[in-house]
Structures are given as structure tokens and as C-alpha cells.
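# Architecture at a glance
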Amino acid sequence: MGRGRVLVAMSGGVDSSVVANLLVEQGYDCLGATMRLASNEDDRPGERTCCSTDDVADARQACWDAGIRHYTFDYTNQFSREVIDPFVAGYEVGLTPNPCVACNRHLKFGALLDRALELGCDYLATGHYARVTHDTRGYHLLKGVDAAKDQSYFLFGLTQQRLAHVMFPLGGLHKASEVRDLAERMGLSSAHKKDSEGICFVPGGDHLRFIEARTGRAARPGDVLDAQGNVIGTHAGALRYTLGQRKGLGVACAHPVYVVGIDTTANTVTLGEQEQLLSSELVAGDWNWVAGQVPAAPLRAAAKVRYHQPDQPCLVTPLADGRVRVEFETPQRAITPGQAVVVYEGDECLGGGTILAQDVSA
């Protein structure tokens, strides 16, 4: 007797291909599905992306090799509305959005999970490096055991209802030493396929060019200022810069300077010293507590304000309006509005949200 029906999210890469084969070996009744999210082929001919025609073909072949059916679902309109439009709008007001967080929340574990349940599946399985456990207190989202590949940072938007129907079969494995070896043993053509990198819908990683094409508006040149507000140069578009940026500033200085401020209304970029990037706290909105309950009091935890950052000790305080304040024991560099802050207790992801503002008086 089978162990349940699973829809496997197939990207065409090694991770999802191994997931499909593992679950078939374990006796699950599997279906494979690839999401069509954006039309990239005309933008990047020959470049491999998570949404390319080549990857859809690879996903279909992986399903064929695993002996399961493959579906392609078109979510281009929803992806445009839920991921691309907020990405563009965020940059236009000086934020640095994280589209992977939005995609996971609204598409992978939103629309695709809903489709899985409509198809009579018990679970949606993906190749994410994270873990889900369950006890009398509910479902828990944990880091993947492979610290270099852990993707729990992007999954803080998962709720108890969603976690009940999610599987991460690779969460207990290391990619380089175990998943690649499994792919070899399984004879998968994707065993040595490179991981996708960058933002899947941005051609060549040039977000400014993408935004200009999307909006039909060319970036306006403006002033580059020093910390005292003096004009020290010009820029070709404020959207080109991010907080903490050091290279490509277009201004010659006697010592290293960094982007410490971006004002898209005034169309200025401010440069300053490394110390000006340090912040002791932040406030975040659009917050999700994975447990489904807001803590009754401030709690000691650890947080990340970027994906590869080590956990940073902090005090997390829920605010009356639903936002959350995070106060760090050690000032953090270049806390960036629009990015995600994710809170942990050991290996467990407690929740996260979008950075709104930070105290710059470290």
C-alpha cells in the first residue's frame, strides 16, 4: 500500500529530481509539476534559468525517468502580480525587495500547494534544504542540516496549515556529499547540473535594465552626496545602488566610501563611512509567526537580515500594530529596508517579516 500522494515541484535541477526518485523509492504515489512563472527565453537566449524551456524539458525527462506523470502549470499572471510588480514598486521607492520570499509564500507554497490539494495530493514536496517536524505543539520549521544550503530563511511565511502538507526530503542531507551522490546512483542526467543563481526573471542580473523595460521609464541621473549633503558627483540612476555598496560608485575618493543612503524621491545617493552603516535595531512588517501565535512577551532569539549571515543574538518584541522590533546585541551592517529579517531559536525558524526601518544611531 502506498504511503500517500505527493505533488513534487520539479525545477529540472538535481534537487527536485532526487526528491522525486527518493519518494518513489519510499512508496509514495507521486506526480511532478513545473511552474511556468516568467517568459525568459526571448530575454536570455541560451541562458539557463529556473523558468526556461530547457529546464521544463529537463523536469519532464526527470519525471519520465522516475516513472511519474509531469504537469506544467502556467502561473505567469500571478507571478507578475505577486512577485514582479512588488519587486519593481519596491525598488522605485528605495527598497531592496526579496522576490524569492514572495515567490515561496504566494506561488510555491500558495498556488502550487493549493493545486496539489485540489489534485487529491496529501503533500507538496520540494527540493528546499529545510526540515519540518511535528509534535503536540504543532508543526515546526527547522534549518536544513547542510548549513551551506539551508533555505529556511526564505520559508518563514509558511503557516501551520501549510506546513501540514509540505515535505522537504533533502532537509536532512548534505548536497555535495550526499545529494549529488544519490543523483549519480539514480543515473540522473541532472547529477552535475549547476545550481541556478540570481533572480530568475531578471535578464543577466541587471535589475535596473529590467525595471526600465518593465515600466517604460528610463532611470534619471542625479546627485551623489557626501555625508554632509555636499554634491560630489552624479549617478545614472538611484535604483542602481544598494545600501553598503562600495564598488561601482562612479566617484573617486581618497579612502573607501559606501552607499549609506538612497532617496528615490530626491533622486540622490549618499556616500559615507563604514560606521554609518551600523544599526542596532530594526522594525519589520508583514510578519508571520510560524507557530501561528504571537508571543505574549519579548523573547531572546537570533536573527538574520540576509541569507548567508550567521545568526545574530537579539531581543524580539511584538508590537501592538502587528509589526515586530528586533534589537541586536551587536550593531549590524547595512540593514536594508525591503529585505527579510528571520528569527530563530536554535535550529527552529520562529518567523520573519520585511524590514521597514532601522535605528541608525548604533
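The structure this text deals with has already been given above.
Below: a short report on this structure.

Cut-offs and rules
- Along every chain, residues carry numbers that run from 1 in the direction the sequence is written.
- This being a predicted model, a pLDDT of at least 70 is required before a residue's local features are given, and a value of 80 or more before pairs of side-chain atoms are given or counted; all residues contribute to the totals for chains, interfaces and linings.
- The basis for every side-chain value is the complete set of non-hydrogen atoms in the structure, without hydrogens or water.
- Strands here mean DSSP runs of E at least two residues long; helices mean DSSP runs of H or I at least four residues long; both are numbered from the N terminus.
- Only C-alpha atoms enter the radius of gyration; for comparison, a globular chain is expected to reach 2.2 Å times N to the power 0.38, where N is the number of residues.
- Two residues qualify as a contact provided that any one of their heavy atoms is within 4.5 Å of a heavy atom in the partner residue.
- Per-residue and other accessible areas follow the Shrake-Rupley method at a 1.4 Å probe size, with only the shown protein chains counted as cover for residues.
- Positive charges are assigned to Lys and Arg, negative charges to Asp and Glu, while His and the chain termini are left out of the count.
- Charge positions are represented by NZ for Lys, CZ for Arg, CG for Asp and CD for Glu.
- In the sections that follow, a salt bridge refers to a side-chain nitrogen of Lys or Arg positioned within 4 Å of a carboxyl oxygen of Asp or Glu.
- Should DSSP find at least two bridges between two strands, the strands are taken to pair.
- Helix axes are fitted to C-alpha atoms over the stretch in contact, other axes to C-alpha atoms as well, and angles between N-to-C directions run from 0 to 180 degrees.
- Roughly parallel refers to an angle under 35 degrees, roughly antiparallel to one over 145, roughly perpendicular to one between 65 and 115, and oblique to any angle outside these ranges.
- If you view the pair so one helix is near and one far, a crossing is left-handed when the near helix is turned anticlockwise from the far one by less than a right angle, and right-handed when it is turned clockwise.
- Residue classes follow a fixed rule: Ala, Val, Leu, Ile, Met, Phe, Trp, Tyr, Cys and Pro count as nonpolar, while Asp, Glu, Lys and Arg count as charged, and any other residue, Gly among them, counts as polar.

## Quick notes on the overall build of the protein chain
A tally of regular secondary structure across the protein chain gives seven helices and 17 strands. Relative to the globule expectation of 21 Å for 362 residues, the C-alpha radius of gyration of the protein chain, 22 Å, shows essentially globular dimensions. Once local pairs closer than 6 in sequence are excluded, the contacts in the protein chain between residues at least 24 apart make up 64%. Counting every atom, the protein chain has about 16,900 Å² of accessible surface; 50% of that belongs to carbon and sulfur. The averaged location of the 43 negative side-chain charges in the protein chain is 2 Å from the averaged location of its 34 positive side-chain charges.

## What about the pattern of salt bridges?
The final tally for this structure, using the stated rule, is 19 salt bridges. Ionic pairing is found between Arg 325 and Glu 281, a salt bridge with its closest N-O pair at 3.3 Å. Here the residue Arg 325 occupies a position in strand S15 (residues 324–333), and Glu 281 occupies one in strand S12 (residues 278–289), the gap between them amounting to 44 residues. The structure contains a network of salt bridges with shared partners spanning Asp 15, Lys 149, Lys 175, Arg 180 and Asp 195.

## Remarks on the pairing of S15
In regular strands, side chains alternate between the two faces of the sheet. Bridge count for S12 against S15 is six bridges, and the pairing is antiparallel. In the strand pairing of S15, Leu 278 is matched with Arg 333. Inspection of the sheet shows strand S14 (residues 312–318) paired to S15 by five bridges, in the antiparallel sense. In the sheet register, Thr 317 faces S15, and the bridge partner there is Arg 325. Taken together, S14 and the strand that follows it, S15, pair antiparallel across an intervening segment of five residues, in which Gly 322 is found at a positive phi of about 95°.

## Remarks on the packing of helix H3 (residues 76–92) against helix H4 (residues 99–118)
At a closest axis distance of 9 Å, the pairing of H3 and H4 adopts a crossing angle of 165°. By the criterion of interaxial angle, the relationship of H3 to H4 is roughly antiparallel. By crossing handedness, the relation of H3 to H4 is classed as right-handed. Judged by residue contacts, Gln 78, Phe 79, Glu 82, Val 83 and Phe 87 of H3 engage Pro 99, Ala 102, Cys 103, His 106, Leu 107 and Ala 111 from H4. Split into classes, the residues belonging to the contact of H3 with H4 amount to eight nonpolar, two polar and one charged.

## A few points about the sheet that holds strand S10 (residues 258–263)
Two strands in a sheet stick together by hydrogen bonds in their backbones, pointing the same way (parallel) or opposite ways (antiparallel). Spatial strand order, S9-S8-S11-S10: four strands in an open sheet with mixed pairing. Across the chains shown, the open sheet's two edge strands, defined by having one partner strand only, are strand S9 (231–235) and S10. The sheet shows a mean angle of 30° between the axes of neighbouring strands, direction not considered. Relative to strand S11 (residues 268–272), S10 runs antiparallel, the two sharing five bridges. In the strand pairing of S11, Gly 261 is matched with Thr 270.

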